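Chains, contacts and geometry: an overview
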Amino acid sequence: MPEPIAHLNGCYLPQTDARLPLNDAGFVMGATVTDLARTFRFHLFRWADHLRRFRQSCEAAHIALSASDEQLTAIAERLVEHNKSVVDPDADFGVVVFATPGIIGYYLGEPGGGGDAPPTLGMHTFPLPFARYRRLFEEGATLAIPTVRHVPAATVDRHIKQRSRMHWWLADREIQARKPKASALLLDEHGPVTETAAANFLLVQGDTLLSPPLDAILEGISLQVTREICERLGIGFVERPLTVADCLAADEALLTSTPYGLAPVRQIEDHVYPAPGRVAQRLMAAWDKVAGLPISRQILAHP
């Protein structure tokens, strides 16, 4: 049976052989910029938007990305085309692209220092773990608010999609110790609601979606798609700081994320919402049309 391949520093290789050295800055400094796209029926979805965000993240993180969009697209398409032969035909892929500043030579007693070597650039695919998302469509998401706060935007620009994620790890561990099926919904240092580790967060009030200001959160591609859908459906979309009190007063709550598009929230702490509510149902149906397949059905079909 063929083996999935990955791409690392200009070379295609078996995915099991794609490894970074111990002195790569992605390990040593936690300095890794990344992006995650997905396929629908093995066709890349909103790839140009993901590339744009990836390139902006690299620039903001001072990682000199030499590959062109055309080169990155060719790599992604080749990986998808090859790797779809080794998965279930009803599967779909997550496509991960990442970059680091490269190796730090002195860390292992080698020539060169941080920033002297060329950046590391890699890409790989993985079958989307649909079973992981079943509960979102069977029950709705459960969220809770930890004591851990989001990293201040003045410290790390939240528009950089990156893997320095210790605060997310700590937040989710705290929440799951008291609510095993819940995910952490972080507040920023001043109190407003921001996002989860894997999704943008929205509230529904009447026929309007409420989003935290986009300059306070990661610019989600699925959030962008949801906003476009709202414009077509005549659903209002308002950006403003959201408080915990706003969450408790809302009619519905939603998550948007690349693997599943849009999903309802059933509960935040002890407050329960309809899942899915009226607006969520309209948005989910519109998402299916954009994706070209019934997303929730695809996810629920996988045990």
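Look up: the structure comes first, before these words.
Residues numbered from 1 in each chain as written. Predicted model: local features only at pLDDT ≥ 70, side-chain atom pairs only at ≥ 80, totals over all residues. Heavy atoms only, no water.

Some details on helix α6 (residues 221–233)
To keep it simple, the criterion reads: Helix numbering and strand numbering both begin at the N terminus, where a helix is a DSSP run of H or I of at least 4 residues and a strand a DSSP run of E of at least 2. In this analysis, the expected span of each helix is defined as 1.5 Å times one less than the number of residues it contains. Burial status follows relative accessibility: with a 1.4 Å probe on protein chains alone, a residue under 20% of its type maximum counts as buried, one over 50% as exposed, and anything between as partly exposed.
Here α6 contains 13 residues, and its C-alpha end-to-end distance of 19 Å stays within 8% of the 18 Å for a straight helix at 1.5 Å per residue. Taken residue by residue, α6 has Ile221, Ser222, Leu223, Val225, Thr226, Ile229 and Cys230 as its buried positions. Backbone geometry just downstream of α6 places glycine 234 in the positive-phi region, at approximately 75°.

As for a nonpolar patch on the surface
What counts here: Residues form patches when they are more than 30% accessible in relative terms and have no salt bridge. Like charges link within 9 Å. Nonpolar side chains (Val, Leu, Ile, Met, Phe, Trp, Tyr) link within 5 Å. All accessibility values rest on the Shrake-Rupley procedure with a 1.4 Å probe; residue burial counts only the protein chains present in the view. Salt bridges are counted wherever a side-chain nitrogen of Lys or Arg sits within 4 Å of a carboxyl oxygen of Asp or Glu.
A contiguous nonpolar patch, built from Leu22, Tyr106, Tyr107 and Leu108 and spanning about 500 Å² of accessible area, is present on the exposed surface. By the secondary structure assignment, tyrosine 107 is in the loop between β5 (93–100) and β6 (120–127).

Looking at the packing of α6 against helix α8 (residues 278–291)
Here is the rule we go by: Lines fitted to C-alpha atoms define the axes, with helix axes restricted to the stretch in contact, and inter-axis angles between N-to-C directions lie between 0 and 180 degrees. For this classification, under 35 degrees means roughly parallel, over 145 means roughly antiparallel, 65 to 115 means roughly perpendicular, and everything else is oblique. Contacts are residue-level and defined by heavy atoms, with any inter-residue pair within 4.5 Å sufficient. Nonpolar residues are Ala, Val, Leu, Ile, Met, Phe, Trp, Tyr, Cys and Pro. Charged residues are Asp, Glu, Lys and Arg, and all others, Gly as well, are polar.
The contact between α6 and α8 brings their axes to 10 Å, and the two run at 110°. Regarding the angle of α6 to α8, the classification is roughly perpendicular. Counted together, Ser222, Val225, Thr226, Ile229, Cys230, Arg232 and Leu233 of α6 and Arg282, Leu283, Ala286, Trp287 and Val290 of α8 form the full contact between these two elements. Among the residues forming the contact of α6 with α8, the class breakdown is eight nonpolar, two polar and two charged.

Here's the deal with helix α4 (residues 130–138)
How we decide: Here the arc refers to the directions that run from the helix axis out to each C-beta atom.
Along α4, the residues classified as buried are Phe130, Tyr133, Leu136 and Phe137. Projection of α4 onto a plane perpendicular to its axis shows the buried side chains occupying an angular sector of 95°, all on one side. Close packing links the buried residues of α4 with β3 (33–40), β7 (141–144), β13 (261–268), α8 and α9 (295–300).

Description of the pairing of β13
Across a regular strand the side chains alternate sides, sitting on one face of the sheet and then on the other. Put simply, the test is: Paired strands, in this sense, are two strands between which DSSP finds at least two bridges.
The element β13 is largely enclosed, with a buried count of six among its eight residues. Summarising the sheet, β7 and β13 pair through three bridges and their orientation is parallel. Looking at β13, one finds that alanine 141 is bridged to valine 265. In this structure, the hairpin formed by strand β12 (residues 252–257) and β13 is closed by a connection of three residues. With two bridges joining them, β13 and strand β14 (residues 271–272) adopt antiparallel strand pairing. Looking across to β14, one finds that glutamine 267 is bridged to valine 272.

Focus: the pairing of strand β1 (residues 5–8)
Burial along β1 is two-sided: Ile5 and His7 facing one way and Ala6 and Leu8 facing the other are all buried. Pairing geometry for β1 and strand β2 (residues 11–14), over four bridges, is antiparallel. Directly across from alanine 6, in β2, lies its bridge partner leucine 13. What sits between β1 and β2 in their antiparallel hairpin is a turn of two residues, with asparagine 9 showing a positive phi close to 50°. Sheet analysis places β1 next to β6, joined by two bridges and oriented antiparallel. Along β6, the bridge assignment pairs histidine 7 with methionine 123.

Observations regarding the packing of aromatic side chains
What counts, and what does not: Each aromatic pair joins two rings of Phe, Tyr and Trp (for Trp, the six-membered one) with centres within 6.5 Å, and gets the label stacked for planes under 30 degrees apart, edge-to-face for over 60, and tilted for any other angle. Counting as a charge over the ring demands two things of the Lys NZ or Arg CZ atom: a distance within 6 Å of the ring centre and an angle within 35 degrees of the ring normal.
Using the criterion set out here, one finds five aromatic pairs in the structure. For the ring pair phenylalanine 40 and phenylalanine 45, a centre distance of 5.1 Å and an interplane angle of 85° mean the geometry is edge-to-face. Each member of the pair, phenylalanine 40 together with phenylalanine 45, is buried. It is arginine 78 that lies over the ring of tyrosine 12; its NZ or CZ is 3.8 Å from the centre. Above the ring of tryptophan 169, the side-chain terminus of arginine 173 is found at 4.0 Å from the ring centroid.

Looking at the side chain of asparagine 83
Short version of the rule: In protein, a polar contact means a hydrogen-donor-capable atom and an acceptor-capable atom, both N or O and within 3.5 Å, with residues adjacent in sequence counting only if both atoms are side-chain atoms; elsewhere, any N or O pair within 3.5 Å suffices.
For asparagine 83, the position within the fold is in helix α3 (residues 69–83). Given a relative accessible area of 1%, asparagine 83 falls into the buried group. Only 2.8 Å separates the side chain of asparagine 83 from the backbone nitrogen of isoleucine 5, close enough to count as a polar contact. Of note is the side chain of asparagine 83, whose polar atom sits 3.0 Å from the side chain of histidine 82. Excluding residues that lie within four positions of it along the chain, asparagine 83 makes contacts with Pro4, Ile5, Gln15, Phe93 and Thr125.

By themselves, these observations are geometric and do not establish any function.
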